Amino acid sequence: MKNKFFVWALTFLFLLPTFDSYTVFYPVDGNVLYVGGSGPNNYSKIQDAINDAMPGDTIIVYPGLYIESLYIYKSLKIESKAGANFTIISASFGNTIKIKADYVTIRGFTIKGKDSGIWVEGRNCIISDNIIENNKRGISLIESTDVTILNNTFLENINCGIHIFYSTKSMIKRNRIDDSNYGINIYSSYNLTISNNTIYRSSMNGISLSETFFTIISDNVISMNGCGIYIYHSSHNIIKKNHLLNNDNGISLAFSQYNEICRNDIRFSKFNGIYLDNCDNNIVLQNCIKHTSQYYSICISYSDNNVIEKNLVNKNENYGICISYSKNNTIKMNMAFINYCGIFLGNSLDNKIFWNVALFNRIDLWLYNSTNNVFRMNIFLIRYNTF
């Protein structure tokens, strides 16, 4: 009797993984199906090939215009034979491609539609080398993990190029995003990498983070947007080595903590270079801000316990570094040259201003109604102190 029970128990443990709804069967070598060509295993519609394919199969699509909405519910590679310029998928309603599976690859198509060009709910998916245009949203990444969005071109997607919601551990790299309200819009996500993208002419924000954490935004070129990078209610993010040119505002943070903004090149902003509003415990380090037109190169307002260090603010029409209604910040080793005002403190107290150089400004240091601040080893020539 004991031997029978032992055999039954081993059998149950062996079969147990087959009941796991998250287990993905992804064969290394699947079959190849063809759409739009001639010969065996050929289909006239992509969806028909999807329906007949087995997980792990590859679908090769020949050049042509395919008027259909695709629903992908199994692990597949779907690739064009001739590239995005010659292979178009267009939908008259809804999402053009909807993915609800893991290990899906979409490569080499022009994708047009009414809602999202590609909607992804899955893990370990790859979206690469596509032209995604004239949709409401280019790509929507929803509750997804380990997704790669690489080498795509996004053109005139009304709401945003890429929308990310409740997703993690994904990479957005080397994409071109033009002419949307938002370039990349991220909400309630974490551990993302946004790098080497070019984002141009978004009417609102080039990259927008809301309630997002542990994300790296690096080496992007962001130009002619409402705000280059906007961060709201987010923490523990790193924004580094981005080039922000001709935006209304370069980098703006609101109600955000423990972020690091470092080694960014910000030029020709209309209003502000870097602006922190109600933000505590952030680091602003080694940024270069030049030719800001109207307001501030770097401004922290109603913000405490931040470090502003080793930044260069140069040739800005108004304020180089502005501290307003803020306390317990450290401003050190910055250089402010050829601005209207190098460093301004207004209604601020208990800040530390160490080892800064402000020269060739109309006013190098201006204190307005600010007390109990500590100054040490700075170089200022022209100072104002007003109450």
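Residues numbered from 1 in each chain as written. Predicted model: local features only at pLDDT ≥ 70, side-chain atom pairs only at ≥ 80, totals over all residues. Heavy atoms only, no water.

Novice: Mind showing me how you'd approach the state of the cysteines here?
Specialist: Two cysteines form a disulfide when their sulfur atoms are joined by a covalent bond. If you walk through the whole model with that rule in mind, you get zero disulfides. Between Cys-262, a free cysteine, and Cys-288, which holds the nearest cysteine sulfur, the sulfur-to-sulfur gap is 14 Å. Judged by its relative accessible area of 7%, Cys-262 falls in the buried class. Summary of cysteine pairing: Cys-299 is not part of a disulfide, and the nearest cysteine sulfur, belonging to Cys-322, is at 3.8 Å. (Disulfide = S-S within 2.5 Å. Buried < 20%, exposed > 50% of the residue type's maximum accessible area, 1.4 Å probe, protein only.)

Novice: Sorry if this is basic, but what is going on with the pattern of salt bridges here?
Specialist: Opposite charge on two side chains lets them pair, provided their charged atoms get close. Using the criterion set out here, one finds nine salt bridges in the structure. Here Arg-107 makes a salt bridge to Glu-79, at a shortest N to O gap of 2.7 Å. Of the two residues, Arg-107 sits in strand 9 (residues 105–107) while Glu-79 sits in strand 6 (residues 77–80), which places them 28 residues apart along the sequence. Its salt-bridge partner being Lys-112, residue Glu-133 comes within 3.5 Å of it at the nearest N-O pair. (Salt bridge = Lys/Arg side-chain N within 4 Å of Asp/Glu carboxyl O. Helix = DSSP H or I, 4+ residues; strand = E, 2+ residues; numbered from the N terminus.)

Novice: What is the right way to look at the environment of Cys-262 in this model?
Specialist: Topologically, Cys-262 is positioned in strand 30 (residues 260–262). Considering only alpha carbons, one finds Cys-262 and Asn-373, 111 residues apart in sequence, at a separation of 25 Å. Those residues in contact with Cys-262 that lie beyond four places of it in its chain are Ile-239, Lys-240, Lys-241, Leu-285 and Asn-287. (Contact = heavy atoms within 4.5 Å.)

Novice: Help me understand a nonpolar patch on the surface, please; the structure alone is not making it clear to me.
Specialist: The grouping of Tyr-190, Phe-213 and Phe-214 at the surface amounts to a nonpolar patch, some 310 Å² of accessible area in total. As for its position among the elements, Phe-213 is in the loop between strand 23 (205–210) and strand 24 (216–218). (Patch = residues over 30% accessible without salt bridge, like charges linked within 9 Å, V, L, I, M, F, W, Y side chains within 5 Å. Areas by Shrake-Rupley, 256 points an atom, 1.4 Å probe, with all protein chains shown as cover.)

Novice: Please clarify how the side chain of Asn-329 should be interpreted in this entry.
Specialist: Locating Asn-329 in the fold gives a position in the loop between strand 38 (319–324) and strand 39 (330–332). Exposure remark for Asn-329: the relative accessible area of 0% places this residue in the buried category. A distance of 3.1 Å separates the side chain of Asn-329 from the backbone oxygen of Lys-327, its partner in a polar contact. Sequence-distant contacts of Asn-329, that is, excluding residues within four places in its chain, are made with Ile-300, Ser-303, Asp-304, Asn-305, Asn-306, Ile-323, Asp-350, Asn-351 and Lys-352. (Polar contact = N/O pair within 3.5 Å; in protein donor to acceptor, adjacent residues only side chain to side chain.)

Novice: Mind showing me how you'd approach unusual backbone geometry here?
Specialist: Note: most residues except glycine have negative phi, and most peptide bonds are trans. Positive phi, close to 55 degrees, is recorded for Asn-278, a residue that is not glycine. Looking at the secondary structure, you find Asn-278 in the loop between strand 32 (272–277) and strand 33 (283–285). Positive phi, close to 50 degrees, is recorded for Tyr-302, a residue that is not glycine. Relative to the assigned elements, Tyr-302 resides in the loop between strand 35 (296–301) and strand 36 (307–309).

Novice: Please clarify how the nonpolar core should be interpreted in this entry.
Specialist: As a rule of thumb, nonpolar side chains are buried together in soluble globular proteins. By size, the foremost hydrophobic cluster in this structure holds 73 residues, and its most contacted members are Ile-59, Ile-99, Ile-106, Ile-118 and Ile-184. Tallying contributions element by element places helix 2 (residues 46–52) first for this core, with three residues. Grouped together as the second largest cluster of nonpolar side chains are seven residues, Cys-299, Tyr-319, Phe-344 and Trp-366 included. (Core = buried A, V, L, I, M, F, W, Y, C linked by side-chain atoms within 4.5 Å.)

Novice: Looking at this model, I keep getting lost on the environment of Asn-225. Mind explaining?
Specialist: Take Asn-225: it is sitting in the loop between strand 25 (221–223) and strand 26 (227–232). Along the backbone, Asn-225 and Gly-183 are 42 residues apart, and their C-alpha atoms lie at a distance of 8.8 Å. For Asn-225, the side chain forms a polar contact with the main-chain oxygen of Ile-199, separated by 3.5 Å.

Novice: Before we go on, may I ask you to explain the confidence of the model for the chain in this structure?
Specialist: Detailed reading of the predicted model is not advised wherever pLDDT is low. Chain-level pLDDT for the chain is 92 on average; 91% of the residues reach the 70-or-more range. Low pLDDT, under 50, characterises residues 1–27; the predicted model gives this stretch 13 contacts beyond four residues in sequence or across chains. (pLDDT = per-residue confidence, 0-100.)

Novice: Explain the pairing of strand 17 (residues 160–165) here, please?
Specialist: The buried fraction of strand 17 is high, at five of six residues. The sheet contact formed by strand 14 (residues 137–142) and strand 17 spans five bridges and is parallel. Note that in strand 17 the partner of Arg-137 across the bridge is Cys-160. (Pairing = 2+ DSSP bridges.)

Novice: What's the story with the packing of aromatic side chains in this structure? I'm lost.
Specialist: Aromatic ring pairs: the centre-centre distance and the angle between the two ring planes describe each pair. Applying the stated criterion across every chain, the model contains 17 aromatic pairs. When the ring of Phe-271 is compared with that of Tyr-295, the centres are 5.7 Å apart and the planes differ by 20 degrees; the resulting orientation is stacked. Placement of Phe-271 in the loop between strand 31 (265–267) and strand 32 and of Tyr-295 in the loop between strand 34 (288–290) and strand 35 is noted, with a sequence separation of 24 residues between them. One aromatic cluster is present, built from ring pairs that chain together Phe-271, Tyr-275, Tyr-295, Tyr-296, Tyr-319, Tyr-340, Phe-344 and Trp-366. The residue whose ring lies beneath Lys-98 is Trp-119, and the NZ or CZ to ring-centre distance is 5.6 Å. (Phe/Tyr/Trp six-rings, centres within 6.5 Å; stacked < 30°, edge-to-face > 60°. Lys NZ or Arg CZ within 6 Å of the ring centre and 35° of its normal.)

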